[in-house]
Amino acid sequence: MPVKKDASGRHSVEVETEVPGTPEEVWQAIATGPGISAWFVPAKLEEREGGAVVLDFGPGMESESVITAWDPPRRFVAENNSGMGPGSPPMATEWTVEAKSGGTCRVRVVHSWFASTDDWDNQFEDVEKGWPAFFRILRIYLAHFRGQPSEVIPLMAMSSESKSAVWDKLLGSLGFARLAEGQRVETAHSAPRLAGIVERVVDKEHEELFLRLEEPTSGVVHLFPIVMGDQVCLSVSLYLYGAQARAVAAREAPVWQAWINGLLPPAAAATESEATKT
């Protein structure tokens with residue numbers, strides 16, 4: 001959806017989804033630290049007006065906001081003075097939950113900011129485009145793992161190869177071929193152990209894969225490559241659920257980190273390896 005603008009200088013983008021659960025159940029997933037951590041990024045949230053919201057997107061990439069409106073289980077607003085980064089306008093994010101028929105709720109997110117120019121519109125539109133993937137994880141979490149303890153293993157690696165080449169290398173290493181939604185898959189013996197059901201697979205221009213896990217424990221895996229400047233970033237996120245999630249994450253995280261480093265070696269390691277060949 002394009003950026004909306006009004007005469008006051010307010011710009012906004014919004015996105016919504018429909019998820020299973022009562023308003024109270026959905027609120028727990030979108031307005032608490034453990035709930036947000038189960039489908040988005042590790043989060044801390046003080047459940048009150050004036051409370052802090054801290055989202056951890058990785059080392060050195062924490063986002064901090066302050067709650068300016070708090071009306072559970074219907075609506076809250078958090079304001080981030082840093083916006084999209086240095087030089088950007090402050091951003092307010094409004095979350096609303098609306099009960100629908102059939103035991104579902106509509107979740108709407110609105111990002112808004114005041115600006116006299118359109119300089120930051122593209123960056124905010126990119127944020128909007130990122131929500132559908134996380135909303136898919138939210139729906140799987142609420143449908144199958146609602147309220148369970150969770151841990152996430154976030155992995156990223158960079159490559160100078162093309163996005164399609166990185167995607168093909170990923171699927172080849174995992175032993176996945178001719179994927180179809182609803183199909184049960186298992187990783188190859190040379191890859192870390194995964195087994196589960198394909199929830200969604202997107203090929204060609206927007207390569208992306210969601211798996212609902214059975215092994216090494218219950219969970220969701222989200223895999224996708226994205227172009228960042230002149231490189232491609234491969235993202236692999238494992239959301240693990242259940243009483244054993246923390247122990248499994250502690251055991252599997254180093255295994256996955258070693259595997260992704262071997263698949264797409266860090267720049268320093270790759271340079272050193274090339275040097276040894278000459």
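Calculation rules
Throughout this document, residue positions are counted from 1 along each chain, in the order its sequence is written. Two thresholds apply to this predicted model, a pLDDT of at least 70 for residue-level local features and 80 or more for giving and counting side-chain atom pairs, whereas whole-chain, interface and lining totals are computed over all residues. Hydrogens are left out, water is left out, and the side-chain values use all remaining heavy atoms of the structure. For two strands to be treated as a pair, DSSP must find no fewer than two bridges joining them. Comment: elements are numbered from the N terminus, with helices defined as DSSP H or I runs of at least four residues and strands as E runs of at least two. Here, two residues are considered to be in contact whenever any of their heavy atoms come within 4.5 Å of each other. For helices, the fitted line uses only the C-alpha atoms of the stretch in contact; every axis is such a line through C-alpha atoms, and the angle between N-to-C directions lies from 0 to 180 degrees. To sort residues, take the accessible area from a 1.4 Å probe on protein chains only and compare it with the maximum for the residue type: under 20% means buried, over 50% means exposed, and anything in between is partly exposed. Each aromatic pair joins two rings of Phe, Tyr and Trp (for Trp, the six-membered one) with centres within 6.5 Å, and gets the label stacked for planes under 30 degrees apart, edge-to-face for over 60, and tilted for any other angle. Only Lys NZ and Arg CZ are tested; either one counts as a charge over a ring when it is within 6 Å of the ring centre and within 35 degrees of the ring normal. Nitrogen and oxygen atoms within 3.5 Å of one another constitute a polar contact, given that in protein one can donate a hydrogen and the other can accept it, and given that sequence-neighbouring residues count only through two side-chain atoms.

A.B. asks: Teacher, can you tell me more about the sheet that holds strand 2 (residues 10–20) here?
C.D. replies: The pairing of strands in a sheet happens through backbone hydrogen bonds and is either parallel or antiparallel. The sheet built from eight strands is open, its strands ordered 1-2-8-7-6-5-4-3 with antiparallel pairing. Every other strand in the sheet has two partners, leaving strand 1 (4–5) and strand 3 (43–45) as the edge strands with one partner each. Pairing analysis gives two bridges linking strand 1 to strand 2, with the strands arranged antiparallel. Looking across to strand 2, one finds that lysine 5 is bridged to histidine 11. On top of the sheet, helix 1 (residues 23–30) reaches strand 2, strand 5 (62–71), strand 6 (75–80), strand 7 (91–100) and strand 8 (104–114); it is set at about 155° to strand 7, its chief contact.

A.B. asks: How do you make sense of the pairing of strand 14 (residues 231–241) when you look at a structure like this?
C.D. replies: Both faces of the sheet carry side chains from a regular strand, because those side chains alternate between them. With 10 of its 11 residues buried, strand 14 lies for the most part within the structure. Sheet topology places strand 9 (residues 150–159) next to strand 14; 10 bridges connect them, and they run antiparallel. Note on strand 14: the bridge partner recorded for serine 150 is tyrosine 241. Linking two consecutive strands that pair antiparallel, namely strand 13 (residues 219–228) and strand 14, is a turn of two residues; a positive phi of about 70° is found at glycine 229 within it.

A.B. asks: Help me out: how do you make sense of the packing of aromatic side chains in this one?
C.D. replies: Centre-to-centre distance and the angle between the planes together describe a pair of aromatic rings. Following the criterion strictly, the structure yields 16 aromatic pairs and no others. Here the aromatic rings of phenylalanine 76 and tryptophan 95 are separated by 6.3 Å at their centres, their planes lie at 5°, and the arrangement is stacked. Separated by 19 residues along the polypeptide, phenylalanine 76 in strand 6 and tryptophan 95 in strand 7 bring together distant segments of the chain. With centroids separated by 5.3 Å and ring planes inclined at 90°, the aromatic side chains of tryptophan 95 and tryptophan 131 adopt a geometry described as edge-to-face. Taken together, the residues span a long stretch of sequence, with tryptophan 95 in strand 7 and tryptophan 131 in helix 3 (residues 121–144) at a distance of 36 residues. The class of tryptophan 131 is buried, set by a relative accessible area of 7%. Pairwise contacts between aromatic rings join Trp27, Trp39, Phe40, Phe57, Trp70, Phe76, Trp95, Trp131, Phe134 and Phe135 into one cluster. For the cation-ring pair, arginine 136 lies above phenylalanine 210, with the distance from its terminal atom to the ring centre recorded as 5.7 Å.

A.B. asks: Is there a simple way to think about the side chain of threonine 93 in this case?
C.D. replies: Mapped onto the elements, threonine 93 comes out in strand 7. Residue threonine 93 is classed as buried on the basis of its relative accessible area of 10%. A polar side-chain atom of threonine 93 sits 2.9 Å from a polar atom in the side chain of histidine 111. Once you skip the residues sitting within four places of it in the chain, threonine 93 turns out to touch Phe76, Val77, Ala78, Val109, Val110 and His111.

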